[in-house]
Amino acid sequence: MNVSLRAPARWQAWVFGLVALIACCGAFVGLSSSGLWIDELFTVHLIHHDGGLGEVFRRALTDTHPPLYYFFLYEWTRMAGFSESSLRLPSAVFAVLAIVIFATGTRRILSPAAIAFACAVATLSAFWFDQSQNARSYALCMAFAAGLLSLALALRARVRARNDFPTAHWLGLSVLGLLASLTHAYLLLALGMVLLFLILSVSSWRLRVALVITGLVVLAFNVAYYKMMMHSSQQDMQNMWFGNDVGFFKNQFHEAIIRLMARQTIAVVALLILFGIQRRIVGEPYFVFDELDTRWATALACFVLIGVIVCGIGTSLLVAPSFSDRNLLTCAPFAWLLLGRLYDAVGPRGYSRSSTIIAVLIMLLVGSYLLLLRGRELPRTESWRTTAQYVEQLPGCSNQQIPVILPYRFGHSTAFFRALAEHDFFGYYLPKTAQTQAYLPAEFAERRLANGLPQLLASRAANADTGGCTLLAWGVHDLDETSALKIALDLARQPGVAPRRVVMQEFDTYERWRLVWRRNPEGYVYLAIPQAASGASVEPPPSLDIQLTNHDRATLGDRVVVDLLNTYAGPTRAPYSLDTYSIQRWAPQKPPREDFLSVHRLTCDPATTKADWDVWPDPADPGCSDRPLPTSAGRIDGRL
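Fair warning: this is a prediction, and the values are worked out from it, not measured in the lab.

Engineer: Looking at this model, I keep getting lost on the overall build of the protein. Mind explaining?
Structural biologist: Across its full length, the protein carries 23 helices and 8 strands. Taken against the 2.2 N^0.38 rule, which gives 26 Å for 640 residues, the C-alpha radius of gyration of the protein at 28 Å falls within 12% of a compact globule. Along the first, second and third principal axes, the C-alpha atoms of the protein reach 90 × 55 × 55 Å. Here the protein holds 640 residues, and the buried ones make up 54% of them. Taking contacts inside the protein between residues at least 6 apart in sequence as the whole, the part at least 24 apart equals 75%.

So, in C-alpha cells, the structure goes:
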C-alpha cells in the first residue's frame, strides 16, 4: 500500500495532544497576574450592579455587542465575585471547551494526529492565548463556533444514515445558532453560512424548509436587537477605530492570520501547502480519512470562512465599519479544521525514518511556543491596576482631585464617556471616594478651555516646592510613548508649571515578540518636580516610597524628565511659538540619556477623528495655519 495514503502515525497524536494539553492547563495559570484592561473594565461596568438582567440589557444596548455573554457573566459574578480570577475563569473554561468540542466533533472526518495537530496549533496561537484569559465573549464565541461546526457535521451524518426528519439535530443547531448569534454578530454571519451550505447540499426539501425557518427566526431576533441598539448605543458607529478602506481590510486579514497561527506554524503550513502543490502536479493522491464526509467538511469550512470575510466586509461598508481580526477569529474552529485537513492530506506520515524526522521537526517548531507560557505569570494587559496603586499612594493626594486623560479613541468626549472613564476605568481600582476628573489632551494643552484645570495644574506645580500633591495627569489607554511624551511637553510649558519640571513615570506591560516577552510602556503618571538647580550636575528625579504588589512591581518603567528651557514667540504675530525642551530619560540599570528638542506649538483645536488621532494638531488641518508647513529636521537640505 502507498504509505502516503495511510493516516499519519498515531504516535504523532500523542505528542501534539500533549502539547495542546499543556497549553490548555496553562489557561488556568496566572488569571490574576494582569489587571483588567479597558474592554474588561467595560464588561464590568455592564454587570457590576444590583439591577438584575434588565439593567444588564439596558447597559448592553449602549455597547456594540449582543447581550448573552453579559447575562451569563452577571449571574456568574453573583456567585464568584469580581476578582480578576473570577471574571476570567469562564473564558479559560470556554477556550478549553472549544478545543474539546472541536476534537470530539471532527473525530470522524480527521485522523487523531490531524486533530491533535490542529488543537496544538490552536492553543498556541496568540488569539487563543489571549482570549482564554480575557473577560470578554471571544472564548465563548470559539466554543459556539466549534459547536456549530460539530452539529453541522453530525446533522450531515444523520441525514446520510437515515431518511426520517432529524428533529433533534435540527433543534440543536437552531438553538445553538440563536445563542451564538446573541453572543457576537460575526457568529450570526457564521450561522448564516452554515445554514446556506446545508441548504445547498442536502436533498430533503423538508429539511431545507426547516433550515430556512431557523435562519429567518434567528435573523428576526437579531434585527430586533440591533434596531434597539442603534437607537440606544453611546458609540458613534461611524467613527470608531475600524476603517473601511482596502488597506485596513488587508491589514486586519493579515493580523487574523498572525493571531490564528504562530509564525513557526505559518512556516510549517506554507511548506505543507508547497508540498501539496508538488504532489498534485505529479498526480499523487492525498490521504482522506473519510472519502465523503471529510471532503464535505472541508468545503463547509472554506464556505463559512470565505462567506464570513465577504459578508463582514459588506456589513462594514453598508452598515457601519466593523471588520477586524478579532471578529474574524470568532470563527477560528473552522480554520482549525482546514489545518487538520492539510496535515492529514500532506503532512509527514511518521512511518519511515525520513518522515519521522520531518514530523519531529514540525513538533519542535509548533511546540516551541510552549516557551511563551511563562507569560501567564507576567502582567500583560493595560496598567489600570498598577497605576491606580501608584496614584493612590502619592504623597498628599488622598481625597484630592485626580486629573485623568480621557481615552479619546475608545469613546468620544461626551458626558457618558467622561463619567465612564472617571468611575469605571480610572476609578475601578481606587477607593470609592476618589475624585477623578477626565480631560482631553487638548484641554491639558490649553488648546481647549477646561474650567479650573489651569488653576489645578498651577497649584500642583507649586506643591513641588512646598509639599503636597504634585499629580498633574494620569493616562493609560490610547497613549503610546510618543503621544504620552507630547502630553508631558504640553504640561511642562503650562503657565504655573514652568519653571518646574514634569516627570513622566512609565509603566510597562509585557508583549509577545517571537519566543520571548518584552517590556512595552503603556501607562503614564505625570508629576511636577522642582526646578533644576542652576549649574548643578544632572541628578535623577526624586524617588517616591510607593509599594506595589509583587506582580505589579515588575511594570515600573523608565522616568522621563521634561524641562521647558525657553519659548520664542517672534516679533510678529506668527502662527507658531517655538518651545525648546530638555528631555532626560532615567531607566533602571542603564545610564541616563538627555536630548534637546525644539517644536512648533499650535493653538488650534481641530475635531478629533479616526483620520487624525494625534494629541497634537496637524499644521495642515483647516484653520491651524495660513503659513507654509514647517520642514522637519530630518528633511533639511540645501534647497531650504
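Engineer: I would appreciate a short explanation of helix H2 (residues 38–47) in the present structure.
Structural biologist: Side chains of residues three or four places apart in an α-helix project in the same direction, reflecting 3.6 residues per turn. Within H2, 10 of the 10 residues are buried, which leaves it mostly tucked inside the rest of the structure. Buried within H2 we find Ile38, Asp39, Glu40, Leu41, Phe42, Thr43, Val44, His45, Leu46 and Ile47.

Engineer: I tried to follow the side chain of Thr386 on my own but got confused; where do I start?
Structural biologist: Position of Thr386 among the secondary structure elements: in helix H18 (residues 384–392). Residue classification places Thr386 among the buried positions, given a relative accessible area of 4%. At 3.2 Å, the side chain of Thr386 forms a polar contact with the side chain of Asp552. Those residues in contact with Thr386 that lie beyond four places of it in its chain are Phe507, Leu548, Asp552 and Thr555.

Engineer: Mind showing me how you'd approach the nonpolar core here?
Structural biologist: In summary, soluble globular proteins display a tendency toward joint burial of nonpolar side chains. In this structure, Phe334, Trp336, Phe425, Trp474 and Tyr526 are the most contacted members of the largest nonpolar core, which totals 197 residues. By residue number, the principal contributor to this core is helix H8 (residues 138–161), which donates 14 residues.

Engineer: Where do I start with helix H19 (residues 415–425) in this structure?
Structural biologist: Considered for burial, the residues of H19 that qualify are Phe417, Arg418, Leu420, Ala421, Glu422 and Phe425. Elements that come into contact with the buried residues of H19 comprise H2, H18, strand E2 (435–439) and helix H20 (441–444).

Engineer: Looking at this model, I keep getting lost on the state of the cysteines. Mind explaining?
Structural biologist: A covalent bond between the sulfur atoms of two cysteines is referred to as a disulfide. Evaluated as defined, the whole model comprises 2 disulfides. Between the sulfur atoms of Cys604 and its disulfide mate Cys624 the distance is 2.0 Å. Looking along the S-S bond of the Cys604-Cys624 disulfide, the torsion reads about 90°, which is the right-handed sense. In this pair, Cys604 is assigned in the segment after strand E8 (593–601) and Cys624 in the segment after E8, connecting sequence segments 20 residues apart. Taking only the cysteines that form disulfides and numbering them from first to last, the protein has the pattern 1-2, 3-4. Free cysteine Cys119: the closest other cysteine sulfur is in Cys24, separated by 7.7 Å. Classification of Cys119 as buried rests on a relative accessible area of 6%.

Engineer: Is there a simple way to explain the pattern of salt bridges in this structure?
Structural biologist: A side chain with one charge may pair with a side chain of the opposite charge, provided their charged atoms come close. Tallied over the entire structure, the rule returns 28 salt bridges. Close ionic contact of Asp605 with Arg448 constitutes a salt bridge, the shortest N to O distance being 2.6 Å. Note that Asp605 is positioned in the segment after E8 and Arg448 in the loop between H20 and helix H21 (453–466), a separation of 157 residues in sequence.

Engineer: Which parts of the structure should I look at to understand the pairing of strand E5 (residues 516–529)?
Structural biologist: As a general feature of sheets, a regular strand has side chains that alternate between the two faces. Extensive coverage of E5 is indicated by the burial of 10 of its 14 residues. Relative to E5, strand E3 (residues 471–475) runs antiparallel, the two sharing 4 bridges. Bridge pairing links Ala473 to Tyr526 in E5. In this structure, strand E4 (residues 501–513) lies alongside E5, joined through 13 bridges in antiparallel fashion. For Glu511, the partnering residue across the bridge sits in E5 and is Arg518.

Conventions we followed
- Residues numbered from 1 in each chain as written.
- Predicted model: local features only at pLDDT ≥ 70, side-chain atom pairs only at ≥ 80, totals over all residues.
- Heavy atoms only, no water.
- Helix = DSSP H or I, 4+ residues; strand = E, 2+ residues; numbered from the N terminus.
- Rg over C-alpha atoms; globule rule 2.2 N^0.38 Å.
- Buried < 20%, exposed > 50% of the residue type's maximum accessible area, 1.4 Å probe, protein only.
- Contact = heavy atoms within 4.5 Å.
- Polar contact = N/O pair within 3.5 Å; in protein donor to acceptor, adjacent residues only side chain to side chain.
- Core = buried A, V, L, I, M, F, W, Y, C linked by side-chain atoms within 4.5 Å.
- Disulfide = S-S within 2.5 Å.
- Salt bridge = Lys/Arg side-chain N within 4 Å of Asp/Glu carboxyl O.
- Pairing = 2+ DSSP bridges.

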